[in-house]
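# Breakdown of the fold
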Amino acid sequence: MRTDLFDFELPSGSIALRPASPRDSARMLVVQPAAGLHDQCVGDLANWLRPGDQLVVNDTRVIAAQLHGRRIGRGAEPRIDATLIKRLDGSRWKALVKPAKKLDAGDIVRFGNEGRVCFLGHLDAKVESKGEEGEVTLAFSFHGPTLDQAIADLGSPPLPPYIASRRAPDDRDAADYQTMFAAHEGAVAAPTAGLHFTPAMEAALRDRGVGINRLTLHVGAGTFLPVKAEDTGGHRMHPEWGTISAETAEALNAARANGGRIVAVGTTSLRLLESAATEDGRVTPFTGETSIFITPGYRFRAVDILMTNFHLPRSTLFMLVSAFSGLDTMKQAYAHAIAGGYRFYSYGDACLLFPAAPAA
C-alpha cells in the first residue's frame, strides 16, 4: 500500500511531554468499528472486558540506553551521542550515533557526563564497524555485569525523539518511562500502553475475573523510525528479541477455548503473539527474534482486542492499528481524538481497539 495513505496532520500541542498522574487517569478512546467511538478513561478498562478475558502485558525493562561522550585519540574531540539498540554479546552493542560522519571504524568514544561519573570513572568503546543510517557496532572496554552497571551509571532514559527534541530527560523520566510490570532488562523504548497501569487498576481487573499474563519483547529504537519508502512493501522492520513461556501460551489457549478473549496491551505484545501463533490461532512458546510487519490485509490469528497509545503519522504502528480496526475507522478515530484534545504518543492517552469485521 502507498505510505501516504497513513499520513495525517497532528498539531504539535497534541504531543504529551509528561504522563498523566495518576497513570490510570489518562483518557481512553474506545474504538468499535461497528458501534462507533466512546470517550472513556483508562481506569474504565475493566468495564469493557468480560470475566475470562486475558490481558497480555510486556514485562521488558528499559535500560539507560542514551549515552553522551566524545571521540578521543585523533584531532579535535567532537561530541558523540549514542543510543544502544541491540546487545550482540557481553561487551558489544549495536548503536545509533550522531553525528555518524564524525566516526570511522577503529575510533574510540569515551562516554561520561561531567559531574556524573560511574564508579569506574569513564566508559570507552571502540567503533568496530559502521552500517547505514548512523548505525555502528561498539565494542566496550568492560564486559558483562560490569558493563551493565557502567551503562546504568552513565546513561539516561532514551526518550522518543518527539519528546527529547522539546525537553531534556530528567530524573522523573527514570520512573515515568518504566511500566509497573518491568522485570527483564533489554528494551531501549518503553512498551507504552503498559505505562497506564497501576496496582489499583490491576486489582480491579482481577476482581472482574480478567487474567493478566506476561511475555517479554525487548523494544528496539526501530519503533521510532518513520517509513521512508513510498510503498509499505519497501520498508524493512528491525528485528526485536522476545519470549513467550510455555505456561503463558497454555493459559492463553485454555482461556480462548473457554470463550475468553486475548487482549494485547500494546503493539509489542500483539506483534509477539502474532509471531508465535499458528494458522488456527493457537499461541505457541516462542524464543527468538521477530520482524513481523503488519499492514491492512493481515489476518489476525491470536489477538481479539488491542489496547495501545496514539501513534505517529506514516509509522508502522499506525499501519498496524489500521490493519486491526480498519484504515477509515482509525482515521476517523484519530480526527476525533485530535479535535477532542487527546494527548498523543508515548506519554499520551490510550485507545481500546476492537477488530474490524472480516472481509466478505
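Residues numbered from 1 in each chain as written. Predicted model: local features only at pLDDT ≥ 70, side-chain atom pairs only at ≥ 80, totals over all residues. Heavy atoms only, no water.

## Brief notes about the packing of aromatic side chains
All told, the structure shown has 15 aromatic pairs when counted by the stated rule. With a centroid separation of 4.5 Å and an interplanar angle of 50°, the aromatic rings of Y162 and Y345 are classed as tilted. Here Y162 is found in helix α2 (residues 161–164), whereas its partner Y345 is found in the loop between α8 (327–339) and β17 (350–353), with 183 residues between them in sequence. The exposure classification of Y162 matches that of Y345, with both residues buried. Here a set of aromatic residues connected by ring pairs shows up, and it is made of F6, F8, Y162, F310, F318, Y334, Y342, F344 and Y345. Cation over ring: R27 sits above Y342, and NZ or CZ is 3.8 Å from the ring centre. (Phe/Tyr/Trp six-rings, centres within 6.5 Å; stacked < 30°, edge-to-face > 60°. Helix = DSSP H or I, 4+ residues; strand = E, 2+ residues; numbered from the N terminus. Buried < 20%, exposed > 50% of the residue type's maximum accessible area, 1.4 Å probe, protein only. Lys NZ or Arg CZ within 6 Å of the ring centre and 35° of its normal.)

## Overview of the pairing of strand β12 (residues 211–217)
Within β12, 6 of the 7 residues are buried, which leaves it mostly tucked inside the rest of the structure. Note that strand β3 (residues 54–58) and β12 share 5 bridges and pair parallel. Looking at the pairing, V56 lines up with N213 of β12. Relative to strand β13 (residues 240–244), β12 runs antiparallel, the two sharing 2 bridges. Residue T216 lies in a different strand from β13, and its bridge partner there is T243. (Pairing = 2+ DSSP bridges.)

## Quick look at the layout of surface pockets
Within this model, the second largest pocket holds a volume of roughly 360 Å³. Forming the walls of the second largest pocket are 16 residues, and the residues nearest its centre are Y298, A323, A356, A357 and P358. Of the residues that constitute the lining of the second largest pocket, the class distribution is 11 nonpolar, 3 polar and 2 charged. (1 Å grid on protein atoms, 1.4 Å probe; cavity = no way out; pocket = protein on both sides within 12 Å on 5 of 7 lines; lining within 4 Å. Points joined across faces, edges and corners; volume = space filled by probe spheres on them. Nonpolar A, V, L, I, M, F, W, Y, C, P; charged D, E, K, R; others polar.)

## A look at the packing of helix α7 (residues 316–325) against α8
It is the contact of α7 with α8, at a shortest axis distance of 7 Å, that shows an interaxial angle of 115°. Crossing handedness for the pair α7 and α8: right-handed. Contact residues: F318, V321, S322 and S325 in α7; L327, T329, M330, K331 and Y334 in α8. Each residue belonging to the contact of α7 with α8 can be placed in one class, and the counts come to 5 nonpolar, 3 polar and 1 charged. (Axes fitted to C-alpha atoms, helices over the stretch in contact; angles between N-to-C directions. Left-handed = near helix turned anticlockwise from the far one by under 90°. Contact = heavy atoms within 4.5 Å.)

## A word on helix α5 (residues 246–257)
Side chains that are three or four residues apart share a direction in an α-helix, a result of its 3.6 residues per turn. The first and last C-alpha atoms of α5 sit 16 Å apart over 12 residues, in line with the 16 Å expected at 1.5 Å per residue. For α5, the full list of buried residues reads T248, A249, L252, N253 and A255. The arc enclosing the buried residues of α5, seen along the axis, measures out at 165°, which places them on a common side. More than 90 degrees from the buried face of α5, the exposed residues found are E247, E250 and A257. (Expected span 1.5 Å × (residues − 1). Arc of directions from axis to C-beta.)

## Describing empty space enclosed by the protein
The full count for this structure, using the stated rule, is 3 cavities of 30 Å³ or more. The volume enclosed by the largest cavity comes to roughly 60 Å³.

## Some details on the confidence of the model for the protein chain
In the predicted model, the protein chain carries a mean pLDDT of 92, and 96% of its residues have values of at least 70. Here residues 114–119 is modelled with pLDDT under 50, and outside its nearest four sequence neighbours on either side it reaches 11 contacts, counting other chains as well. (pLDDT = per-residue confidence, 0-100.)

## Quick notes on the nonpolar core
It is characteristic of soluble globular proteins that their nonpolar side chains tend to be buried jointly. Among the nonpolar cores identified, the biggest contains 57 residues, and I244, L270, L273 and V283 are the most heavily contacted of them. Counting residues per element, this core draws most heavily on α7, which supplies 6 residues. Non-local contacts of I244, meaning those with residues more than four positions away in its chain, are made with L215, A249, L272, L273, A276, V283, T284, P285 and F286. Counting 25 residues, the second-largest nonpolar core is a separate cluster that includes A65, A95, F111 and A125. (Core = buried A, V, L, I, M, F, W, Y, C linked by side-chain atoms within 4.5 Å.)

## Considerations on the sheet that holds β12
With mixed pairing, the 9 strands of this open sheet are ordered in space as β2-β1-β17-β16-β14-β3-β12-β13-β15. Looking at strand neighbours, the two that pair on one side only are β2 (36–41) and β15 (286–290), the edges of this open sheet. Along the sheet, successive strands turn relative to each other by an average axial angle of 25°, direction set aside. Inspection of the sheet shows strand β1 (residues 27–32) paired to β2 by 6 bridges, in the antiparallel sense. Across the sheet, R27 pairs through a bridge with C41, a residue of β2. On top of the sheet, α8 reaches β1, β2, β16 (305–309) and β17; it is set at about 150° to β1, its chief contact.

## Quick look at the pattern of salt bridges
Applying the stated criterion across every chain yields a total of 22 salt bridges. R110 is the partner of D124 in a salt bridge, and the nearest nitrogen-oxygen pair spans 2.8 Å. Of this pair, D124 sits in strand β9 (residues 123–130) while R110 sits in strand β8 (residues 108–111), placing them 14 residues apart in sequence. Between R271 and E240 there is a salt bridge, with the nearest N and O atoms lying 2.6 Å from each other. Taken together, the residues R271 in helix α6 (residues 267–276) and E240 in strand β13 connect sequence positions 31 residues apart. Residues participating in the shared-partner salt-bridge network are R18, R167, D170 and D173. (Salt bridge = Lys/Arg side-chain N within 4 Å of Asp/Glu carboxyl O.)

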